[in-house]
Amino acid sequence: MESQSMTVHQELDSIMGTTSRIPRLLNAEGFPEWKYRIEKYIKMKDFKIWHSILRGPIRITTVVDEVIVDKRIQNYTDEDFERVEEQEKALATLTMALSPEIAQGFRDYTSTKALWEALIEVYEGNEDMKQSRQDMLRQKFNMFNYVLGETLENQLQRFITLTTEMSSAGVSVTRSELNKKLLNSLPKSWDMNVSVIKKTKDLNRLSLAETMAIIKACDLDDKQREINHVNSYSTANLGIQTSNNNAFSSFTVAQAPQVTPTTHVPQVQPFMTH
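For every chain, the first residue of its written sequence is number 1, and the numbers climb from 1 along that sequence. Totals for whole chains, interfaces and linings use every residue, but because this is a predicted model, local features are given only for residues with pLDDT of at least 70 and side-chain atom pairs only at 80 or more, for both listing and counting. To obtain the side-chain values, all non-hydrogen atoms of the structure were included, while hydrogens and water were left out.

Caption draft 1: Here's a closer look at the pattern of salt bridges. Any carboxyl oxygen of Asp or Glu within 4 Å of a side-chain nitrogen of Lys or Arg constitutes a salt bridge here. In the structure shown here, the tally under the stated rule is 17 salt bridges. As a salt-bridge pair, Arg225 and Asp222 come within 2.1 Å of each other at their nearest N and O atoms. Placement of both Arg225 and Asp222 in helix α11 (residues 208-255) is noted, with a separation of three residues, approximately one turn of the helix. By definition, any uninterrupted DSSP run of H or I lasting at least four residues is a helix, any uninterrupted run of E lasting at least two residues is a strand, and each is numbered from the N terminus.

As structure tokens, then:
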């Protein structure tokens, strides 16, 4: 069980990335999240590499007879080699962030900028594809609701995932829309809490994180009240049981027949003389 748990965590680290492990693009569905994470990861490691990805390749040139020509490698200065090394690091970093199956289709790209733009074109598509994805996510948002049997934590996590995908796809939603949608999707047992939140909070100003914090606080309060109710009920039952036991003991003592000890005195026959 422990080894399976470690394997799951390692696979998750491979996808999400850590400070020492680069995020990996494994499939098309994960591209929006990977795109966000790989940018943060590269900037954290070396901002020059990210700049190289956006800037594109740099020609190492020199001037010969007033004409700009590519410089021969044997004439490179240390600064020239550093610029080339920066570009190679950028290409290697981006390539290493792709799974072997995905990298196979992009091996012909020798420029980091060209590779980056190709990935975006393939996995984000043209404007029509982007619009279709936005429409699909908007529909999922409108239909978002509580799933029977799921925990509050799971529902909140589903909502976070959906809103993150929407943000990555360029779907804009106001704070009021986000907050109202989340509150209205909660189970019916939350009707009273939802009503109180709507009446006492400004949903136009609350961030989604703040709204979720309020929901979790209400959930904790409800659970605490339930615990208090159970404890109070148990204490009341214990008091009734103790009282009954005492009453039964008093009844038993009061009703017990009084037994008076008796001493048997043998009768003596009178002595008669003849």
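Following the structure, the description resumes.
Caption draft 2: Highlighting the pairing of strand β1 (residues 61-64). What makes two strands pair is DSSP finding at least two bridges between them. In this structure, β1 lies alongside strand β2 (residues 67-70), joined through four bridges in antiparallel fashion. Bridging across to β2, Thr61 finds its partner in Asp70. Once β1 ends, the chain turns through two residues before running back antiparallel as β2, passing Asp65 with a positive phi of about 55 degrees.

Caption draft 3: Looking closely at the side chain of Thr211. Within the element layout of this structure, Thr211 appears in helix α11. Residue contacts follow a heavy-atom distance rule, with two residues in contact if any of their heavy atoms lie within 4.5 Å. The residues contacting Thr211, other than those within four sequence positions of it, are Asn179, Leu183 and Leu206.

Caption draft 4: The arrangement of helix α6 (residues 112-124) in detail. Residue count minus one, scaled by 1.5 Å, sets the expected span of a helix. Under the 1.5 Å per step criterion, the end-to-end length of α6 is 18 Å for 13 residues, consistent within 8% with the ideal 18 Å. Any residue under 20% of the maximum accessible area for its type is buried, any over 50% is exposed, and the rest in between are partly exposed; the area is computed with a 1.4 Å probe on protein chains only. Among the residues making up α6, those that are buried are Thr112, Leu115, Trp116, Ala118, Leu119 and Ile120. The inward-facing, buried residues of α6 contact α2 (31-45), α3 (47-55) and α4 (78-96). Any pair of nitrogen or oxygen atoms within 3.5 Å is treated as a polar contact; in protein, a donor-acceptor pairing is required on top of that, and neighbouring residues in sequence qualify only through side-chain atoms on both sides. Measuring from the side-chain oxygen of the N-cap residue of α6 to the backbone nitrogen of Lys113 gives 3.4 Å; that N-cap residue is Ser111. At the exit of α6 stands Gly125, carrying a positive phi of roughly 80 degrees.

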